[in-house]
Amino acid sequence: MPKLKRIIILILILLFVSIAVILGLNTSRDKFNKENISGNTPGNLFNGGLFSQLDDKIYFSNYKDDGALYVMDLNGIDFKKLSSDKAGHINVLGNYIYYIHNDKNSNNSKGVLEFNNSGIYRTNLKGNKIKVLYNDPCTYINVHGNYVYYQHYDKEEGLTFYSVKIDGSEEKQISKRPIIPISILDNILYYSKTENTNSISSMNLNDGSTNTLYSDENTYAPVVNGNFIYFISISDSYKIKRIHLDGSNPETIVEDSCSTFNISPEGKYLYYQVDDTKNNRICIMNLETGEVNTLLDGNYKQIHIAGNNVYFSDFNETKTYYLPIGGTNGISTFNPPVYK
């Protein structure tokens, strides 16, 4: 073989190897998100984050398969299993799925602070490249921009508020208070203070500055939707109320005692579980007209809104139901397949 030809072949081989290395680096490099977008809705995260929508796909924890991570289309068909991990607090943003990895072998008799999970996991949208972002007990994760915000737990400090970057770096404590990060809008976190009175406050996540918005009541689970903050008033018989984002104009939306709620993305429909010990039921309210309809009598929880449907579970988590957003009839049992 002529010397020149051998040199050309060697150069081509080196070129192909270089291209392969570059492509390998590009595919393994962490892909970051746009700022000021979140991986799930506040209402879904308040209810456990078992469903999360990204574009035309819904990622969910399959109760039929011990909480394994699945994906389906917006109409609840075309299922695929992504991981056998028991997933909760699912966030899907950009190129990744984030979730709390729950321990399938946990003992349900554990105390409330003995978390049955083993950290925050991240995988690609195909579910085949898993990265551990945090490897200890935690709860309530919310991915906003390029950071995961979560409740951190250890035996020395108990529950505190932390963040970690989506590549697993920059882990830090933001506050020693056990702040629940379910509502983040434009890098402002809205939360109930966990002190003597659970007033609704805001925190600028850029600089850590805080502001008390509403301190007249003991509150729980502030959920931001549009220009309002919805919450459960502990001090007023667990009624559902709302205020404006600046804390003004408080008003009662649901007079009954409630345990959980969720709001459709456009802010038109409120779904809530009434727990008054006499006539427990799950309801829908049209927030534009005030019309209320009972969907089912009994005890229900884990109200999620994703795609075209509302999903909710019975109290013992033996069945999950669904119906179209805004509908009052046609409730069906959600029966996703189980794949190996």
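Residues numbered from 1 in each chain as written. Predicted model: local features only at pLDDT ≥ 70, side-chain atom pairs only at ≥ 80, totals over all residues. Heavy atoms only, no water.

### Regarding a positive patch on the surface
Side chains of Arg 29, Lys 31, Lys 80, Lys 126 and Lys 129 sit close together on the surface and give a patch of like positive charge. By secondary structure assignment, the location of Lys 126 is in the loop between strand E6 (117-124) and strand E7 (130-134). (Patch = residues over 30% accessible without salt bridge, like charges linked within 9 Å, V, L, I, M, F, W, Y side chains within 5 Å. Areas by Shrake-Rupley, 256 points an atom, 1.4 Å probe, with all protein chains shown as cover. Salt bridge = Lys/Arg side-chain N within 4 Å of Asp/Glu carboxyl O. Lys, Arg positive; Asp, Glu negative; His and termini not counted. Charge placed at Lys NZ, Arg CZ, Asp CG, Glu CD. Helix = DSSP H or I, 4+ residues; strand = E, 2+ residues; numbered from the N terminus.)

### What about the sheet that holds strand E9 (residues 147-154)?
Pairing between the strands of a sheet is mediated by backbone hydrogen bonds and can be parallel or antiparallel. Spatial ordering of the open sheet is given by E8-E9-E10-E11, a layout of four strands whose pairing is antiparallel. A single partner strand is all that each edge strand has here, and the edge strands are strand E8 (138-144) and strand E11 (172-175). Adjacent strand axes in the sheet meet at a mean angle of 35° when their direction is disregarded. Across five bridges, E8 lies against E9 in antiparallel orientation. Directly across from Thr 139, in E9, lies its bridge partner Gln 151. (Pairing = 2+ DSSP bridges. Axes fitted to C-alpha atoms, helices over the stretch in contact; angles between N-to-C directions.)

### Regarding the nonpolar core
Of all hydrophobic cores here, the largest spans 20 residues; its most connected members are Ile 240, Ile 253, Val 254, Phe 261, Leu 270 and Tyr 272. Listed in part, the 15 residues of the second largest apolar core include Leu 93, Tyr 96, Tyr 134 and Tyr 150. (Core = buried A, V, L, I, M, F, W, Y, C linked by side-chain atoms within 4.5 Å. Buried < 20%, exposed > 50% of the residue type's maximum accessible area, 1.4 Å probe, protein only.)

### Considerations on the sheet that holds strand E12 (residues 183-185)
With antiparallel pairing, four strands are arranged side by side in an open sheet as E12-E13-E14-E15. The open sheet has two edge strands, E12 and strand E15 (210-214), and neither has a second partner. Strand-to-strand twist in this sheet, taken as the mean axis angle between neighbours without regard to direction, amounts to 25°. Where strand E13 (residues 188-192) and strand E14 (residues 200-204) come together, five bridges link them in antiparallel fashion. From the neighbouring strand, Tyr 190 faces E14, where its bridge partner is Ser 202.

### Remarks on the layout of surface pockets
Considering only enclosed or pocket space, the second largest pocket measures out at about 330 Å³ in volume. For the lining of the second largest pocket, the secondary structure elements donating two or more residues are helix H2 (42-46), strand E1 (51-54), strand E4 (80-93), E8, E12 and strand E16 (219-225). Per-element accounting of the lining of the second largest pocket gives the leading share, three residues, to E12. Tallied by class, residues from the lining of the second largest pocket come to ten nonpolar, eleven polar and one charged. (1 Å grid on protein atoms, 1.4 Å probe; cavity = no way out; pocket = protein on both sides within 12 Å on 5 of 7 lines; lining within 4 Å. Points joined across faces, edges and corners; volume = space filled by probe spheres on them. Nonpolar A, V, L, I, M, F, W, Y, C, P; charged D, E, K, R; others polar.)

### Remarks on the side chain of Lys 239
For Lys 239, the location among the structural elements is in strand E18 (residues 239-244). The contacts of Lys 239, once residues within four sequence positions are left out, are Phe 231, Ile 232, Ser 233, Thr 252, Val 254, Glu 255 and Asp 256. (Contact = heavy atoms within 4.5 Å.)

### Examining the environment of Asp 55
With respect to the helices and strands, Asp 55 occurs in the loop between E1 and strand E2 (57-62). For the pair Asp 55 and Leu 74, spaced 19 residues apart in sequence, the C-alpha to C-alpha distance is 8.9 Å.

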